[in-house]
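This is what each chain is made of:
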Amino acid sequence: MHAPGTRVVLQHFNGTAEGPPDGKPSDGYWRLIGSTGTVLNPANAQGRVLVRFDNDVAVLGLACHNPEPNSLLIATTDLATA
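Position numbers for residues start from 1 in each chain and track the written sequence from start to end. It should be noted that, the model being predicted, local features are given only for residues of pLDDT at least 70 and side-chain atom pairs only at 80 or more, the latter also being counted only at that level, while totals for whole chains, interfaces and linings use all residues. With hydrogens and water excluded, all non-hydrogen atoms of the structure serve as input to the side-chain values.

A.B. asks: Requested: an account of the environment of T36, with residues and values cited.
C.D. replies: Numbered from the N terminus, helices here are DSSP runs of H or I no shorter than four residues, and strands are runs of E no shorter than two. Of note, T36 is situated in strand 2 (residues 36-39). The classification of residues rests on relative accessible area computed with a 1.4 Å probe and restricted to protein chains. Under 20% of the type maximum is buried, over 50% is exposed, and intermediate values are partly exposed. For T36, a relative accessible area of 26% corresponds to the partly exposed category. Residues T36 and T81, spaced 45 residues apart in sequence, show a C-alpha to C-alpha distance of 9.2 Å. By definition, residues are in contact when any of their heavy atoms lie within 4.5 Å. When near neighbours in sequence (up to four residues on either side) are disregarded, T36 contacts R7, V8, V9, F53, D54 and A82. Whenever two N or O atoms come within 3.5 Å, that pair is a polar contact, provided that in protein one can donate a hydrogen and the other can accept it, and provided that, for residues adjacent in sequence, both atoms are side-chain atoms. At a separation of 3.5 Å, a polar atom in the side chain of T36 contacts the side chain of R7. Polar side-chain contacts of T36 include one of 2.5 Å to the side chain of D54.

A.B. asks: Go over unusual backbone geometry, please, and point to the residues and values.
C.D. replies: The phi dihedral of N14 is positive, around 55 degrees, even though this residue is not glycine. Structurally, the position occupied by N14 is in the loop between strand 1 (7-10) and strand 2. For N14, a relative accessible area of 44% puts it in the partly exposed group. The phi torsion at N70 lies on the positive side, around 60 degrees, for a residue other than glycine. Position of N70 among the secondary structure elements: in the loop between strand 3 (48-53) and strand 4 (71-75). Accessibility expressed as a relative area gives 21% for N70, which makes it partly exposed.

A.B. asks: A description of the side chain of S35 should follow, citing residues and the corresponding values.
C.D. replies: When you line up the elements, S35 lands in the loop between strand 1 and strand 2. Assessed through its relative accessible area of 7%, S35 is described here as buried. At 2.8 Å, the side chain of S35 and the side chain of N55 are in polar contact.

A.B. asks: Which residues make up the pattern of salt bridges, and what are the values?
C.D. replies: Whenever Lys or Arg places a side-chain nitrogen within 4 Å of a carboxyl oxygen from Asp or Glu, that contact is recorded as a salt bridge. Under the definition given, this model contains 3 salt bridges. Across the salt bridge formed by R7 and D54, the nearest N and O atoms sit 2.6 Å from each other. Placement of the pair is R7 in strand 1 and D54 in the loop between strand 3 and strand 4, with a sequence separation of 47 residues. Looking at R7, the relative accessible area reads 35%, which means it is partly exposed. Between K24 and D27 there is a salt bridge; the shortest N-O distance is 4.0 Å. On the basis of relative accessibility, which here comes to 54%, the residue K24 falls in the exposed class. Of the residues examined, D27 reaches a relative accessible area of 30% and is grouped as partly exposed.

Now the structure itself:
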């Protein structure tokens, strides 16, 4: 579906367009909706791919624990081809 190297755009995060009202700012990944990036690996067993976003995730104040800068594991169902 979204092979490594594919350019994608985030349409939702965890299937929704808005985060919880009481969520921590560092977990506000919904702010990335509409952002583009590149898929770095094949989907894992949970149907997620590692996406390196064009935006600087750290500048947005978001937690990012992956070894690849500006990358997050994203459900393939939340992505569209850019």
